[in-house]
Amino acid sequence: MPKVTGLGALDSGVGAPGAVIVGIMTATVEPTADAVLADAVRGFETLRLADEVEAGGKGANLGELAFAGFPVPPGFVVLRSGYLEAMRRGEVDVELAAEHRQALAAVGDDKELARRCDRMRSSVAVAGMPAELRDAVVAAYHGLGDSSDDGVAQDAVPVAVRSSATGEDGASASFAGMNASFTNVTGADAVVEAVRRCWASLFSPRAESYRAERGFTEDPAMAVVVQRMVAPRSSGVAFTADPSTGATDRVVIEAARGQGEVVVSGAVEPDHYVVSKGELRIIQARSGNQKFQIIAGAKGGDRRVAVAEAAGQRVLDDDMILGIAQLAIAVEQHHRKAQDVEWAVDEERRCWLVQARPITTLAKPVPAAEPVVGTPLVTGLPASPGVATGVARVLSGPQEGARLRDGEILVATMTTPDWVPTLRRAAGVVTDSGGATCHAAIVTRELGVPCVVGARSATSVIADGQALTVDGTTGAVFAGKHARSHPAGANGLDRAAAAPVTATKIYVNLAMPDVAESVAAREVDGVGLLRAEFMLTRALRGRHPKDLIARGEQAAFVERMADSIGRIAAAFAPRPVVYRATDLRSNEFRGLIGGSEFEPVEDNPMIGYRGCFRYVHEPEMFNLELTALSRARDRSPNVALMLPFVRTGWELERCLELVDASPLGQARGLHRWVMAEVPSVMYWLPQYFGLGIDGVSIGSNDLTQLILGVDRDSRLCAEVFDEADPAVLDAIETIVRTARAHGVTSSLCGQAPTSRPGYAEHLVRMGITSISVDPSAVTQVRHAVAAAEQRVLLHAALADRDRP
């Protein structure tokens, strides 16, 4: 039977003895299941960051915190493999994959998106949970009540059941509040049902809209965290850098009474504290406005009660503020990057960490732009930098989201994650409640939408239809349209602050035409990777290409595809847009409607029937794609073609013959690129150039896995996957130098320049022409490249000076 052992207290050493106590709980969870699902439930103490693929970001982060000795309430994770096996046994996995692609294509059509999501959630409910997995979950849950310290019966332990989806709480996207979480869940049956509801929440309109906005097109999957509840006197969030300005010399803490949902959801205006890291000194303390708190109900579940404390009374005293800051700084030092830490303090003043994740919206600070001049209509907390003007649309809830037109200012009491489909259309956001660390603030920063929260009286002072200027940098909202109005740049940083000029081009990776105009308004030099897959599945309406061809609907497909490509190309013109032709693998094509009739079943589709080889053997779909690209180029000739997963010279030659025979082949000035993903490229590259290739883009993820022989999705081998491995860097340098020797432009698209300090400098020193990153990382990478170029020039100047 699972066991929970050890419950104690440790003085934090901050302030007076006993001022803040850090609690330590440890758990040993020993799940029981049959051989099929034996490893689908694992205790925190068995997990590390390397387990992110299986445990999700939240689960892996909690395991890492527990392993490092931080005060983490015990718990376990129902792994991603448990979800996938449940869907497979329920025979809904293929249906979910197809519906998911159609849901992404429906984003922007609220009714159609809701219909698709309802169908997917119903499929998850039909699949249910296999008996073996249910037994393992129940055994692990009962194990959390085996401690005799508090006398809680096995089936009465209150727990939090929280989503930990693939990609959630990771370094590039937070998925803040997108998926379901439940608190104060008691009883084995209730826990099992909460896990199933977390699974179903993968397919909510808000989650699908967020994936579409962020360009995530892979099939989602869900791990679920089950964690023993802390009964908190206060809870909140600590950011180890200022999320609004990017300043890394401070800790920003937001706190409220009771459970922390009121802080992260933006339901109240929390207390706001700022602590200087260097001196560990409180430099700002602002009392919030909390009229209610959430506590545990007598029979489980949450209960909302009025706050009796006098207005203006702080939630945390100085000792507690500094103690929480110290814990947050220690977490940052452990991870070596800025962290978003959720904490709870119980009645015995013990501080527990219930989550930590990388800050997804942090960028290098830039000089502040000139503030808007005038008398504010309302003021609040600056949550997402930038300035926006537009007509105010005062809405009472997300159900009124259809009233908001593109480019208007959303004004609401609060914005929960259900607002995400509406936030995508807003030029700016103003709320009565919420703090700089709430879900809405995080999501608006990721979307680059200027936002002011905690304005208290915004919905009563601002009239529907009134012209507004929102300054998300200062937290002020003005009546009328003021002269200084600039869209927010990457990471929400104001474009009024000039970005550094770099010799190395900074391109963006895109998948969706919906965001083309907003991204094109930023300091970017073009699109280095326009992924075809999202546009393709939208144009196919979720159906397999051969099914579409059999129905004679090629012309409609070409028109839809050309419109999508053309919209992006027009937004960026005359800057280059490099379109990568479709590179869905056979297992992904099988997920489309009718796909099972046309696709082979491969043991390893990652290195199977894909890329150029597929075009050569099935040219019908490739020809339609080339026709669409040709029509887009008729209007916007800045589009280039990139061919993916090229293995050999003969298949590239055959593929280029198909291009030449298509309408696109007659286009003047067409640039032809290849993706450098297969190690054979180092041998074949000169011949590729001889065939007319004039651009090469290094796909660092595929190149790394093929050089190191490691599945990039394998949790068992995650520690081996390293884009900075010397062998990988040597291969990249070989590709770049070969391209330079032939006068051909070279680029790299991947996560390494964003997630690894110093990686951009490696590329600059090699002489790469451009680097292509996600829109949220443009400012960060541009500053890193600018600094690297300055260092390279300085070293060269010193070398010249020291020559005899």
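Residues numbered from 1 in each chain as written. Predicted model: local features only at pLDDT ≥ 70, side-chain atom pairs only at ≥ 80, totals over all residues. Heavy atoms only, no water.

Some details on the overall build of the chain
The number of helices and strands found in the chain is 27 helices and 31 strands. Looking at the chain residue by residue over its 804 residues, the buried ones come to 59%. Within the chain, contacts between residues at least 6 apart in sequence are counted, and of these 70% link residues at least 24 apart. Accessible area for the chain stands at about 29800 Å²; split by element, carbon and sulfur atoms hold 51% of it. (Helix = DSSP H or I, 4+ residues; strand = E, 2+ residues; numbered from the N terminus. Buried < 20%, exposed > 50% of the residue type's maximum accessible area, 1.4 Å probe, protein only. Contact = heavy atoms within 4.5 Å. Areas by Shrake-Rupley, 256 points an atom, 1.4 Å probe, with all protein chains shown as cover.)

Side note on the environment of T240
Inspection of the secondary structure puts T240 in the loop between β8 (232-239) and β9 (250-257). A relative accessible area of 0% means that T240 is categorised as buried. For the pair T240 and A325, spaced 85 residues apart in sequence, the C-alpha to C-alpha distance is 8.0 Å. With sequence-adjacent residues up to four places away left out, T240 is seen in contact with T248, R250, V251, K277, A328, I329, E332, A338, Q339 and I359. Looking at T240, its side chain comes within polar contact range of the side chain of E332, at 3.0 Å. Of note is the side chain of T240, whose polar atom sits 2.7 Å from the backbone nitrogen of Q339. (Polar contact = N/O pair within 3.5 Å; in protein donor to acceptor, adjacent residues only side chain to side chain.)

So, the pairing of β9
In terms of burial, β9 is largely enclosed, as seven of its eight residues are buried. In this structure, β9 lies alongside strand β10 (residues 271-276), joined through six bridges in antiparallel fashion. Within β10, the position partnered with E254 by the bridge is H272. (Pairing = 2+ DSSP bridges.)

A look at the packing of helix α16 (residues 554-572) against helix α20 (residues 619-635)
Where α16 contacts α20, the axes come no closer than 8 Å and their chain directions differ by 45°. Judged by the inter-axis angle, α16 sits oblique to α20. When the axes of α16 and α20 are compared, the crossing they make is right-handed. Where α16 abuts α20, its residues Q554, F557, V558, M561, A562, D563, I565 and G566 lie against M621, L624, E625, T627, A628, L629, R631, A632 and R635. (Axes fitted to C-alpha atoms, helices over the stretch in contact; angles between N-to-C directions. Parallel < 35°, antiparallel > 145°, perpendicular 65-115°, else oblique. Left-handed = near helix turned anticlockwise from the far one by under 90°.)

Brief notes about the pairing of strand β22 (residues 467-471)
β22 sits mainly inside the fold: four of its five residues count as buried. Relative to β22, strand β18 (residues 387-394) runs antiparallel, the two sharing five bridges. Each residue of the ladder has a partner; that of A388, found in β22, is V470. Here β22 pairs with strand β23 (residues 476-479) via four bridges, running antiparallel. The residue of β23 that forms the bridge with V470 is V477.

Structural notes on the packing of aromatic side chains
To describe a pair of aromatic rings, you give the distance between the ring centres and the angle between the ring planes. The final tally for this structure, using the stated rule, is four aromatic pairs. Ring geometry for Y615 and F622: centres 4.1 Å apart, planes at 5°, overall stacked. When its relative accessible area of 2% is taken as the criterion, F622 is described as buried. With a centroid separation of 5.3 Å and an interplanar angle of 85°, the aromatic rings of Y683 and W684 are classed as edge-to-face. We classify Y683 as exposed; its relative accessible area is 65%. (Phe/Tyr/Trp six-rings, centres within 6.5 Å; stacked < 30°, edge-to-face > 60°.)

Notes on the environment of A463
On the secondary structure map, A463 appears in the loop between α12 (458-461) and β22. Here the alpha-carbon distance between A463 and A392, two residues 71 residues apart in the chain, equals 7.1 Å. Apart from residues lying up to four places away in sequence, A463 is in contact with A392 and V394.

Topic: the sheet that holds strand β30 (residues 745-749)
Read around the closed barrel, eight strands run β24-β25-β26-β27-β28-β29-β30-β31, paired in parallel fashion. Adjacent strand axes in the sheet meet at a mean angle of 25°, parallel and antiparallel pairs treated alike. When strand β26 (residues 577-580) meets strand β27 (residues 639-643), the two strands line up parallel, connected through four bridges. Note on β27: the bridge partner recorded for Y579 is L641. Contacts from α20 reach β26 and β27 within the one sheet, and its direction differs from that of β27 by about 160°. Relative to the sheet, helix α23 (residues 700-708) contacts β28 (672-676), β29 (695-699) and β30, its axis offset from that of β29 by approximately 65°.

Points about the confidence of the model for the chain
Predicted confidence across the chain gives a mean pLDDT of 83, with 84% of residues reaching 70 or more. Every residue in residues 167-176 is under pLDDT 50, and counting partners more than four places away or in other chains gives 44 contacts. (pLDDT = per-residue confidence, 0-100.)

Considering the nonpolar core
Judged by nonpolar contacts, the single largest core of 82 residues is most densely connected at F557, M561, F572, Y579, L643 and I732. Broken down by element, the residue count for this core peaks at eight residues, all from α16. Filtering out sequence-adjacent residues up to four positions away, L643 remains in contact with C612, Y615, F622, L652, C655, L656, W673, V674 and M675. Counting residues in each nonpolar core, the second largest holds 52 residues, with A127, A136, A140 and V191 among its members. (Core = buried A, V, L, I, M, F, W, Y, C linked by side-chain atoms within 4.5 Å.)

A look at the packing of α20 against helix α21 (residues 649-661)
As a packed pair, α20 and α21 sit with axes 10 Å apart at the nearest point and diverge in direction by 50°. Overall, the two elements α20 and α21 adopt an arrangement that is oblique. In the crossing of α20 with α21, the sense of the turn from one axis to the other is right-handed. Note on element contacts: α21 touches α20 through C655, L658 and V659, opposite P619, F622, N623 and L626. Its residues assigned to classes, the contact of α20 with α21 comprises six nonpolar, one polar and no charged. (Nonpolar A, V, L, I, M, F, W, Y, C, P; charged D, E, K, R; others polar.)

Some details on the sheet that holds β22
Adjacent strands of a sheet form backbone hydrogen bonds with each other and so pair up, either parallel or antiparallel. Within the open sheet, the eight strands sit side by side as β16-β23-β22-β18-β19-β20-β21-β17. Their pairing is mixed. Strands with a single pairing partner mark the edges of an open sheet, and in this sheet they are β16 (378-379) and β17 (381-384). Bridge count for strand β19 (residues 409-412) against strand β20 (residues 428-431) is four bridges, and the pairing is parallel. Each bridged residue has a counterpart across the sheet, and for V411 the counterpart in β20 is V430.

Let's talk about the side chain of D702
Tracing the backbone through its elements, the reader meets D702 in helix α23. Taking the relative accessible area as the measure of exposure, D702 reaches 6% and is therefore buried. Of note is the side chain of D702, whose polar atom sits 3.3 Å from the side chain of R610. Once you skip the residues sitting within four places of it in the chain, D702 turns out to touch M606, R610, F645, E677 and R712.

What about the pattern of salt bridges?
Taken as a whole and judged by the stated rule, the model has 42 salt bridges. In the salt-bridge network here, residues are joined through shared partners; they are E99, E112, R115, R116 and R119. (Salt bridge = Lys/Arg side-chain N within 4 Å of Asp/Glu carboxyl O.)

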